[in-house]
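# Remarks on the overall topology
Residue strings, one per chain:
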Amino acid sequence: MMSGPGDIFNKHIRLAIKESITEIQEEARQTHAFHADTGSLERSIDTRFSFIGTPSGEVFLNTAKAEYGPFVHQGTKPHDIFPKKKKALRFLGKSEGSDEKDFVYTKFVHHPGTKKDPFLFDALRAKREEINQIFKEYTGKALKEVAGNVQRGGLSRTFTWK
């Protein structure tokens, strides 16, 4: 069974979307400004596709893998942190008058805020020209495939888009 022109173009557009969002994902994982201790935030840069209706794809922060991802990406304002279940916060730090690290207990801490690191947006901007080339390449392949099928008599010359 021969594919119609709409099917051929949809197939190539899906491939272009997959390749494009993979490029953005890899760029974001490699060129962020945040300090990575465990790699969880890099692994949380995820992709998903939808080929129902209009094909689409997205690169997003999977908060199931790193719930703090949006705070790093968007930054935070200065804020106070209070214990949720206990009476005090405990963390490893330097006590007053000591150079050695030890557990510090306090009722709250004032966090100065976090500078944003919009690594997803930066990756998209960095890959814009490459993505344009990917779509140009796949559109060209689709045109060649449709033309080849028309020349072989495998397609009718009229069609409708899905």
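Read on for a plain summary of the structure.

Reading guide: rules and limits
Residues numbered from 1 in each chain as written. Predicted model: local features only at pLDDT ≥ 70, side-chain atom pairs only at ≥ 80, totals over all residues. Heavy atoms only, no water. Helix = DSSP H or I, 4+ residues; strand = E, 2+ residues; numbered from the N terminus. Rg over C-alpha atoms; globule rule 2.2 N^0.38 Å. Buried < 20%, exposed > 50% of the residue type's maximum accessible area, 1.4 Å probe, protein only. Areas by Shrake-Rupley, 256 points an atom, 1.4 Å probe, with all protein chains shown as cover. Lys, Arg positive; Asp, Glu negative; His and termini not counted. Charge placed at Lys NZ, Arg CZ, Asp CG, Glu CD. Salt bridge = Lys/Arg side-chain N within 4 Å of Asp/Glu carboxyl O. Core = buried A, V, L, I, M, F, W, Y, C linked by side-chain atoms within 4.5 Å. Contact = heavy atoms within 4.5 Å. Pairing = 2+ DSSP bridges. Axes fitted to C-alpha atoms, helices over the stretch in contact; angles between N-to-C directions. Parallel < 35°, antiparallel > 145°, perpendicular 65-115°, else oblique. Left-handed = near helix turned anticlockwise from the far one by under 90°. Nonpolar A, V, L, I, M, F, W, Y, C, P; charged D, E, K, R; others polar. Phe/Tyr/Trp six-rings, centres within 6.5 Å; stacked < 30°, edge-to-face > 60°. Lys NZ or Arg CZ within 6 Å of the ring centre and 35° of its normal.

### Some points on the overall build of the chain
Each helix and strand counted, the chain has four helices and six strands in total. Counting from the amino terminus, the chain carries its helices and strands in the arrangement α-α-β-β-α-β-β-β-β-α. On C-alpha atoms alone, the chain measures out to a radius of gyration of 25 Å, which is more than a quarter above the 15 Å that the 2.2 N^0.38 rule sets for 162 residues. For the chain, the proportion of its 162 residues judged to be buried stands at 32%. Carbon and sulfur atoms make up 53% of the accessible area of the chain, which totals about 11,800 Å². Seen as two clouds, the 27 positive and the 21 negative side-chain charges of the chain have centres 6 Å apart.

### A closer look at the pattern of salt bridges
Going through the model one piece at a time under the given rule, you end up with eight salt bridges. The salt bridge partner of K127 is E27, with a shortest N-O separation of 3.9 Å. Highlighted residues: K127 in helix α4 (residues 119–151) and E27 in helix α1 (residues 5–30), separated in sequence by 100 residues. As far as the burial class goes, K127 and E27 line up, both buried.

### Things to note about the nonpolar core
In terms of nonpolar packing, the biggest core is built from 14 residues, with A28, L41, I45, V59, L61, F119 and L120 touching the most fellow members. Elements represented by at least two residues in this core include exactly α1, β2 (56–61) and α4. For this core, the leading source of residues is α4, giving four residues. Residues in contact with V59, not counting those within four places in the same chain, are I21, I24, Q25, I45, D46, T47 and L120.

### With respect to the pairing of strand β1 (residues 45–50)
For a regular strand, side-chain orientation follows a simple rule: the groups alternate between the two sheet faces. Where β1 meets β2, six bridges bridge the pair, whose relative direction is antiparallel. Residue pairing for β2: R48 is matched across the bridge by E58. With antiparallel pairing between neighbouring strands as the criterion, β1 and β2 make up a hairpin whose turn holds five residues, including G53 at a positive phi of roughly 75°.

### Considering the packing of α1 against α4
The N-to-C vectors of α1 and α4 enclose an angle of 155°; their axes lie 8 Å apart at closest approach. By the angle between their axes, α1 is roughly antiparallel relative to α4. α4 is crossed by α1, and the crossing has right-handed handedness. Taken together, the residues that form the contact of α1 with α4 break down as 21 nonpolar, four polar and eight charged.

### Here we look at the packing of aromatic side chains
Throughout the structure, instances matching the rule amount to three aromatic pairs. Here F34 and F119 contribute two aromatic rings whose centre-to-centre distance is 5.2 Å and whose plane-to-plane angle is 65°, an arrangement assigned as edge-to-face. Remark: F119 occurs in helix α4 and F34 occurs in the loop between α1 and α2 (40–43); sequence separation between them is 85 residues. The pair F34 / F119 is uniform in exposure class, with both members buried. Between the aromatic rings of F49 and F51, the centroid separation amounts to 5.8 Å while the plane-to-plane angle is 20°, which identifies the pairing as stacked. A relative accessible area of 35% places F49 in the partly exposed class. Assessed through its relative accessible area of 31%, F51 is described here as partly exposed. The positively charged end of R14 is found above the aromatic ring belonging to F51, 5.8 Å away from the centroid.

Read these as geometric descriptors, not functional statements.
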